[in-house]
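Residue-level listing of the chains:
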Amino acid sequence: MNDKFTPNIIGFLCNWCSYTGADLAGTSRMKIPPSLKTIRVMCSGRIDPLFVLESFIKGADGVMMMGCHPGDCHYQKGNYNARRRYVMLNSIFDTLGLEKKRIGLWWVSASEATRFAKVTNEYTKEIEKLGPNPTSKEIFL
Amino acid sequence: MSNNQKETKNYPNKGKSLPVEKSIKDTVFNIFKKALEENIFDALLIPAKVPDTDAYSWILLQDESLFDIADPLPPVMTVQGGRALSSFSKNGELGLKIAALLRPCEARAVIELFKLHQVDLDNMTLITIDCPGAMPLADYMNDPKKIADSFKKISEKWEISESLRPACQNCHRFSLMDGTGPDLHIGLLGENNKVTLIANSPEGNDLLEKLGFESKDSLDKWKTEKEKLVKEKTKKRESFLKEWQEKTKNPDGFFNELNKCINCHNCMNACPICYCQQCYFDSQMINFKPEIYLKKSREKGALRFPLNTMLFHIGRMSHMVLSCVACGACEDACPVSIPVGRLFSMVGDKTQKQFDYVPGLNREDPLPLQIFKEDEFCEVETPNECEEKATEEVK
Amino acid sequence: MAKAIKIKKNVEEGLFDFLKSLLEKEKINGVFTLKKMDDNGAISYSLITSPDEFKDAVPLYPFMPVNAGKALSSFTLLGKTEEPIAAVLRPCELRAFVELVKRAQGDLENFLIISPTCGGVLSLNLMGDKNQEKIVSQYWTSVQKAEISPDTRETCQFCENFLPINADITVAALGNKDLDKEFILFLNSPKGEEFAKHAEGSAVSEEIETKEINEFRKKREELREKFFKETGKEGEGLKSLINIFAPCLGCHGCSHVCPICYCVLCDFDAKTHEYHSASLSLDLKNKGGLKVPTGNLLFHLGRMTHMAVSCVNCGMCSDVCPVNIPVATVFSKVGSSLQKVFNYFPGKDIEEPAPQGTYKEEEFKTIGEQ
Ligand code: SF4
Ligand code: SF4
Ligand code: SF4
Ligand code: SF4
Ligand code: SF4
Ligand code: FES
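Everything numeric in this text was worked out from a predicted model, so none of it was measured.

Participant: So what's going on with the overall build of chain A? Residues and values would help.
Facilitator: Scanning chain A from N- to C-terminus turns up four helices and four strands. Going from N to C terminus, chain A has its helices and strands arranged as β-α-β-α-β-α-β-α. For 141 residues, the compact-globule estimate of 2.2 N^0.38 gives 14 Å, and the C-alpha radius of gyration of chain A, at 15 Å, lies within 12% of that figure. Overall, the C-alpha framework of chain A stretches about 40 × 35 × 20 Å when taken along its three principal axes. Across the 141 residues that make up chain A, the buried fraction comes to 58%. Residue pairs in contact within chain A that sit at least 24 positions apart in sequence constitute 79% of those at least 6 positions apart. In the structure as shown, chain A presents an accessible area of about 6200 Å², 53% of it carried by carbon and sulfur atoms. With 19 positive and 13 negative side-chain charges, chain A shows a separation of 3 Å between the mean positions of the two kinds.

Following this line, the structure appears as structure tokens:
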């Protein structure tokens, strides 16, 4: 295949910060990579680690968890829980030798449209370098 | 899910014989390849060896390159085929035409699951194959190469070997039965170097027609060989039943077999018939306060843990044994080598005979506990009156 | 200096007599311990309330037919026991019980907890083996010499936490050369001291950490490194994981016997994780084939996110696996990484919340800010 690899990236965005930030980036006509498919959750604390795992196993090339900066969560502490869950997933991936770059966590506030555009673009580049997730073609999962 | 009523009851007199050139596997695969190429079905459910390992698992095969790892008769039964088929079809609306190549006991489980609304047979072609048995899973996992080799020898000779799984040694339903089970059967017995395709339903007929095969060849040789082996294995089964009925004549004999049970429920989870999402015996229905357990313990001096181990087995039997297809999946999954498959198959045999029911034989036979006749089982209810009635009838 | 008494009897016999006398004198109303089920080697946990039934008790028999922590949780799930009960369990079983109590799945109150310095347990597939007695006696020889018995579970062979935590009484067995003549009970709590008055022992001053124990720990640490290196090889990631779990039947026996997996209906047995036939066409189009039942890897990785941080390394899951997958070694390896990251010791402190249920504002500060 000569086609340029366009990754499939799933983003779980918290409603109050990251999703609003993404919205602002859109209305400000910033360039957001087409590879990103967003799923809105009320709070990053709603991101069940299984959402991330399932995306990974079903072939997503990258998974972004996004929420409000620590201290800014609209439900006070959801993002602290999210952070622990990410740390856990990261450690599991690390221990088992899975590609841990395929999952990540970023804090993006409602006003940080530029940051949203920056991190999504950077992450897309990183995943492009990494290539397709082998799970997308794997039969025996 | 609609009710797939089938008309055929007696299996046909003619079939299609195909010469074996390279190997049986090759001949069988060529048929499937053709069917896939001509879109007669879209995918095939078949066992395959996981690359770079000794493990087998089920795959839905669409890409022909996967035939390289597929195996119609692997040395072990990993997941019971009924379970595999139900796992992707129970929610219906497959949108694809699928053929499933199963061992006969697996296909019988599928028929039972069909009656329990746990599979969708609307777009499904069930294909069975004469089955030489399978090896115990634990033996295979301990020494895959050796066990695979001996399986090869055993299956070539259709030997009722002691190294086969006990369920397979005692299995007399290893081939096509006279009922509305599978759509197509692949006969391996009979003539050497021939594979015989036998249509067992209008769908099966259709499939052969589409493949361009005419069912014109005589089945006599296959039938003779098959009946011979059925007879031999029926005898084997009867002696097994006798031996185990003797062993478990009193309840203690039965319960002693379960002394090692660690109540892990592997048997239930491997059983194709036990489909419940939440097993009653895993539920909160059977939790009590500590004082109740202490009371129970005082009644006998001691109370076994895990709790409810015996209740689990007896209860599970009452839930499913009428549909037990004697596949032995439970016994394969037991980590402490309890002959749980033999126990269930023995009880199943007796209970099924009482209801004159053969699980998996006919799609249209209702499950015995879903129907009743008003005048049945009077011998159980009121034995005395029953005798009187019987004598009157004779007069 | 730890409080301790020496009993001049064979360790198995001495513990048996002690428990029996507690039961006879009605100091306790029941003993939760291992019991012989028949003459064919079947062993099972039992709550024994009558001194007559106690004759078949084998408190230190090296089998773990079920993790006793799980069994005690099923006993006290709906409330604490009002009557005093002695329970003999191994260190990892005790840690499991503590984890369960922490999760409101049981109650430690009114238990007298007795636990041995542990040489491990035999693999369950040896239960009922024709050489069972011989294997068990070889096991005791290795306990005596503080050597690693090759017949014990893989997880036992690399278990570093073989000294009980939270036990009222510790039975010192490991590395005791005179095991068949005398042994020591360490009394770790006032409750332990109180009950030990009924044992025929004399006060001694000893330390639980001996030279033998230390050397034993070192041997196990070495094995731990070896086993971890062999499992789930770094870098090979996905492929290695697929190969390890390739024979998996999806029987979920591993989660069923896991003491930390206490859910009545496991998430992975629930409707949520059923395969949707609607996605079949797409999956086949993308991959050309599909293993069924699906969801194998999601189950194992998902289960890890649910419980591995609390894994007590008891090895039940490996022993129950019908296809010899080293489940426990994989989970233990992941568990020990997670425990390091969250600085958590499962089963140590009942007051310490499990890592998933808590957080600190000050931790992992750089994460998310890149
Ligand atoms: S009880 Fe055992 S032998 Fe019977 S159908 Fe279930 S798994 Fe097969
Ligand atoms: S698989 Fe074996 S040990 Fe487990 S519950 Fe069934 S009979 Fe008991
Ligand atoms: S894991 Fe450790 S504490 Fe548990 S039985 Fe084995 S050696 Fe003993
Ligand atoms: S895997 Fe998760 S949901 Fe399943 S029993 Fe364990 S903790 Fe519960
Ligand atoms: S016990 Fe073994 S076969 Fe069963 S689900 Fe666990 S890993 Fe798979
Ligand atoms: S609301 Fe944004 S992380 Fe909780």
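Participant: I'd like a description of the sheet that holds strand 7 (residues 194–199) of chain B, backed by residues and values.
Facilitator: The nine strands lie next to each other as 8(B)-1(B)-7(B)-6(B)-5(B)-4(B)-2(B)-3(B)-9(C), forming an open sheet whose pairing is mixed. Only two strands of the sheet have a single neighbouring strand rather than two, namely strand 8 (217–218) of chain B together with strand 9 (289–292) of chain C. In the packing of helix 1 (residues 24–37) of chain B onto the sheet, the strands contacted are strand 1 (14–19), strand 2 (43–49), strand 3 (56–61), strand 4 (98–102), strand 5 (124–129), strand 6 (184–187) and strand 7 of chain B, and the crossing angle to strand 7 of chain B comes to about 45 degrees.

Participant: Account for the site of ligand 3, with residues named and values stated.
Facilitator: Neighbouring ligand 3 are the residues Met 64, Arg 90, Pro 91, Cys 92, Cys 118, Gly 120, Cys 156, Cys 159, Asn 161, Arg 220 and Asn 313 of chain C. The class makeup of the residues in the shell around ligand 3 is six nonpolar, three polar and two charged.

Participant: Can you break down the pairing of strand 9 of chain C residue by residue, with the values?
Facilitator: Judged by which residues are buried, strand 9 of chain C turns out to be covered on both faces: Gly 289 and Lys 291 of chain C on one side and Leu 290 and Val 292 of chain C on the other are all buried. Alignment of strand 3 of chain B against strand 9 of chain C, held across four bridges, turns out to be antiparallel. When the sheet's bridge partners are listed, Ile 59 of chain B is paired in strand 9 of chain C with Lys 291 of chain C.

Participant: Could you give me a rundown of the interface of chain B and chain C, with the residues and numbers involved?
Facilitator: Of the residues lining the interface, 64 residues belong to chain B; the matching set on chain C comes to 64 residues. Interface of chain B and chain C: buried area, both sides summed, is about 5300 Å²; carbon and sulfur atoms make up 60% of it. For chain B, the biggest contributors to the area lost against chain C are Gln 277, Leu 294 and Phe 305 of chain B; these three give 13% of the whole. There are three salt bridges connecting chain B and chain C. Linking chain B to chain C there are 28 residue pairs in polar contact (both at pLDDT 80 or more). Breaking the side of chain B that touches chain C down by element, the ones donating at least two residues are strand 2, strand 3, helix 2 (81–89), helix 4 (137–142), helix 10 (266–270), helix 11 (290–300), strand 9 (302–305) and helix 13 (329–333) of chain B. Class assignment for the residues of the side of chain B that touches chain C results in 32 nonpolar, 21 polar and 11 charged.

Reading the values: the criteria
- Residues numbered from 1 in each chain as written.
- Chains lettered and ligands numbered in written order.
- Predicted model: local features only at pLDDT ≥ 70, side-chain atom pairs only at ≥ 80, totals over all residues.
- Heavy atoms only, no water.
- Helix = DSSP H or I, 4+ residues; strand = E, 2+ residues; numbered from the N terminus.
- Rg over C-alpha atoms; globule rule 2.2 N^0.38 Å.
- Buried < 20%, exposed > 50% of the residue type's maximum accessible area, 1.4 Å probe, protein only.
- Contact = heavy atoms within 4.5 Å.
- Areas by Shrake-Rupley, 256 points an atom, 1.4 Å probe, with all protein chains shown as cover.
- Lys, Arg positive; Asp, Glu negative; His and termini not counted.
- Charge placed at Lys NZ, Arg CZ, Asp CG, Glu CD.
- Pairing = 2+ DSSP bridges.
- Axes fitted to C-alpha atoms, helices over the stretch in contact; angles between N-to-C directions.
- Near = heavy atom within 4 Å.
- Nonpolar A, V, L, I, M, F, W, Y, C, P; charged D, E, K, R; others polar.
- Buried area = accessible area lost by both parts, 1.4 Å probe.
- Salt bridge = Lys/Arg side-chain N within 4 Å of Asp/Glu carboxyl O.
- Polar contact = N/O pair within 3.5 Å; in protein donor to acceptor, adjacent residues only side chain to side chain.

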